[in-house]
Amino acid sequence: MSLSDYKHGSHSQRQLNSSLYSLPIVENFGKRSIRTVLDFKNTTVPDNLDIRYAPLLFFTNLRRIPRLKAVCFLLSLTLTFFIMVSYILVWDKRGLLLTPSPFQLRPMVIPTNTAAITEASSKKNLIDMEELVKIIRSKQDYLPRKVPDEKEVSETDPHLILTEPKGANAVVPHVSSVLPHLQEKVHLLGRLTHSEPQLFSVIPHHFLSGIKSPCWYEKFLSELGSDPYQRNLFTARSKSFKTLCDRLRTSFVQHLHHRDSKLFRLRCLPYFYIIGQPKCGTTDLFHRLLLHPEIKYNTMKEPHWWTRKRFGYIRFKDGFQESFPVEDYLDLFDLAAYNIHEGVSGNSSADHRALRLITGEASASTMWDNQAWSYLHGEREETEPPFLAQDFIHAVQPDAKIIIMLRDPVERLYSDYLYFKMANKSAEDFHQKVIESVQLFQSCLSERTLRSCVYSTGLSNAMPVRLNLGLYIVFLLDWLTVFHREQIFVLRLEDYATNLKTTVKKVFDFLSVGPLSEQEEAALTRRPMSNTRRAADRNLGPMHAATKDLLRKFHQPFNHKLASVLDNKAFLWDSI
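Because the structure is a prediction, the values reported are computed rather than measured. (Residues numbered from 1 in each chain as written. Predicted model: local features only at pLDDT ≥ 70, side-chain atom pairs only at ≥ 80, totals over all residues. Heavy atoms only, no water.)

A. Looking closely at the environment of Ser517. Summarising the element assignment, Ser517 is placed in the loop between helix H22 (500-510) and helix H23 (518-526). Remark: the alpha-carbon pair of Ser517 and Pro293, spanning 224 residues in sequence, is separated by 10.0 Å. (Helix = DSSP H or I, 4+ residues; strand = E, 2+ residues; numbered from the N terminus.)

Pasting the structure below:
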């Protein structure tokens, strides 16, 4: 085709102008309408065409569209449909498509600069926070949970009867004789402990007198040449503990106790538990406590046995794996048991000092993590866990010492976010996740009790940041239902960081251990801090002021009640 054909319009050019992929030529522009991609009007079609043939004309022209464009067009229509449906569902709060969470939010745009965030927060989030704080205050005054007493826990289920009852003539009641209102709890406790039925049969009702640690002699029934640590599941997950077991087994026989032609091994439970919270300095405190000569024989900081491993969970997202028996847990304290046994057997002053040795563990999940009940009994309708980890600890060890380390919940949450999130971290991303989590919590609280929302596994999994871990007062009150106030020592990370020596001395006094020598005290203060913030996370800077303000308002009613219960205004964290 020549250039003049393009300028004046030949017959073939007119055909091209009628095609679906051309624009009208310049000289014809304005004289007739522009055809769109779906304009099938053909100038060669008679004006008096019967309407009955219009559908046939549509499909005739449809064949002129390239297949790729047709497919792309249909995909675009489908995608647009799903997006529209998704937004409609979000707005009706019935859940986003393909999203399993029962708690949903309205979509919201998160600004990327601090000024815009502050403005958005002042316009929208403050109103929401005022409403939420009112709801929180109205639900904070709830009745304490009914706690199963020691007899209920240990004697009312045939699988959990102690091997050595309190009295020689003690009679264990049959389940059918239990009061009706206890039968459901008895049944549930039996199911909850089904994965670890040996708990109450292995641990006796009384511990050895004259020994500070909760220890007892257990009859050794295996052959002398057998490996006592061969099947321990902790050795497969801790190289340091496996190395220790290799060392302990070489002198295992020498540490057996002989009595009446029978062999016994000394078993011990932890004397103290550092139960929480995560990112509050528990790791640093634990390792400094090990510098004391009466506490040094500890092998693992966080076994997470009471809350997870005894039920067969390492990480709940990975599902059930393998239950860690109570014997494996007790093996963790064998190093201390070996030394205590030497103290029992010897007569020297050094041996007598061994009787003062204590052990401890610092699983930061013990205070708050009771998700196992929902995984084991997801079909049940309870919205609050009927049994908590402290119920079991108290049942076997009512005199245990409990240490709780807390920090400003606002800063704790940001530290938790930086530590556990591996990629794409930023102050803006944290702000967005905080807003989503607060809205999810508010959605739950509008329908459930405060304890139900705090312990809800579904809500915990749905929230992008672990907001519930900072609601310290809810967890503390539940621990106070089973342990006396004098058994629980609560300290603040802020005091620990600013006055290390004084704070650690208070912990030592709580544990009733002797004073340190000058050299031991110097070593304790010189020790570098554990689990400090990574350099890359420090470079991200602090959270936005708007984020901090929002979290301050959210935590305020919880902190007020915490400070009231502890009778210490420092736990308000209002001067930070």
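B. Spatial organisation of the environment of Asp495. Residue placement: Asp495 occurs in helix H21 (residues 493-498). Classification of Asp495 as partly exposed rests on a relative accessible area of 32%. Considered as a pair, Asp495 and Ala570 are 75 residues apart in the sequence and their alpha carbons are 9.5 Å apart. Setting aside chain neighbours within four positions, we find Asp495 in contact with Leu500 and Thr503. (Buried < 20%, exposed > 50% of the residue type's maximum accessible area, 1.4 Å probe, protein only. Contact = heavy atoms within 4.5 Å.)

C. How the structure looks around the pairing of strand S3 (residues 262-268). By the criterion of burial, S3 is predominantly enclosed, with six of the seven residues buried. The pairing of strand S1 (residues 215-219) with S3 spans five bridges and is antiparallel. When the sheet's bridge partners are listed, Tyr217 is paired in S3 with Leu266. Once strand S2 (residues 257-259) ends, the chain turns through two residues before running back antiparallel as S3, passing Asp260 with a positive phi of about 55°. (Pairing = 2+ DSSP bridges.)

D. Examining the confidence of the model for the protein chain more closely. Mean pLDDT over the protein chain stands at 78; residues scoring 70 or higher make up 70%. Taken together, the stretch residues 120-127 has pLDDT below 50 and engages in 12 contacts with residues farther than four places along the chain or on a different chain. Counting contacts from residues 155-182, a segment whose pLDDT is below 50, to residues more than four positions away or on other chains yields 43 contacts. (pLDDT = per-residue confidence, 0-100.)

E. Seen up close, the packing of helix H17 (residues 427-445) against helix H25 (residues 545-566). Running from N to C, H17 and H25 cross one another at 25°; their axes reach a closest spacing of 10 Å. It follows from the interaxial angle that H17 and H25 lie roughly parallel. Classified by chirality, the crossing of H25 by H17 is left-handed. From H17, Phe430, His431, Val434, Ile435, Val438 and Phe441 reach across to H25, where they touch Ala546, Thr547, Leu550, Leu551 and Phe554. Each residue belonging to the contact of H17 with H25 can be placed in one class, and the counts come to nine nonpolar, two polar and no charged. (Axes fitted to C-alpha atoms, helices over the stretch in contact; angles between N-to-C directions. Parallel < 35°, antiparallel > 145°, perpendicular 65-115°, else oblique. Left-handed = near helix turned anticlockwise from the far one by under 90°. Nonpolar A, V, L, I, M, F, W, Y, C, P; charged D, E, K, R; others polar.)

F. Inspection of the packing of aromatic side chains at higher detail. Counting across every chain of the model gives 20 aromatic pairs. Relative to Phe475, the ring of Tyr455 has its centre 5.6 Å away and its plane inclined at 85°; by these criteria the two rings are edge-to-face. In this pair, Tyr455 is assigned in helix H18 (residues 450-455) and Phe475 in helix H20 (residues 472-480), connecting sequence segments 20 residues apart. The exposure class of Phe475 is buried, given its relative accessible area of 0%. Centroid distance Phe571 to Trp573: 5.6 Å. Interplanar angle 85°. Geometry classified as edge-to-face. (Phe/Tyr/Trp six-rings, centres within 6.5 Å; stacked < 30°, edge-to-face > 60°.)

G. Main features of the nonpolar core. Counting 93 residues, the largest nonpolar core has Phe441 and Phe554 as its most contacted members. Top contributing element to this core by residue count: H17, with eight residues. Once residues within four sequence positions are removed from consideration, Phe441 is found in contact with Leu450, Cys453, Val454, Leu459, Leu467, Leu471 and Phe554. The next biggest cluster of nonpolar side chains, apart from the first, holds 25 residues, and it includes Phe286, Ala362, Phe510 and Leu524. (Core = buried A, V, L, I, M, F, W, Y, C linked by side-chain atoms within 4.5 Å.)

H. Geometry of the pairing of strand S7 (residues 488-492). Summarising burial for S7: five of the five residues are buried, a large majority. Because side chains alternate across S7, one face comprises the buried residues Ile488, Val490 and Arg492, and the other comprises Phe489 and Leu491, equally buried.

I. Structural context of unusual backbone geometry. Look at the link from Gly276 to Gln277: it is a cis peptide, with omega at -5°. By the element assignment, Gln277 lies in the loop between strand S4 (272-276) and helix H10 (282-289). Unusually for a residue other than glycine, Asn424 sits at a positive phi of about 55°. Mapped onto the secondary structure, Asn424 falls in the loop between helix H16 (409-420) and H17. Phi is positive for Asn531, which is not a glycine, with a value near 55°. Mapped onto the elements of the fold, Asn531 is located in the loop between H23 and helix H24 (535-538).

J. Just the side chain of Asn468, in detail. Relative to the helices and strands, Asn468 resides in the loop between helix H19 (457-462) and H20. Given a relative accessible area of 4%, Asn468 falls into the buried group. Setting aside chain neighbours within four positions, we find Asn468 in contact with Val454, Ser460, Met463 and Phe475.

K. Highlighting the sheet that holds strand S6 (residues 401-406). The parallel open sheet is built from four strands, whose spatial order is S5-S4-S6-S7. Edge positions in the sheet fall to strand S5 (360-361) and S7, since each has one partner strand and no second. Looking at chain direction, S4 and S6 are connected through four bridges and run parallel. Paired with Gly276 across the two strands is Ile404, which belongs to S6. Its contacts with the sheet place H22 against S6 and S7, and it is angled at close to 175° to S7.

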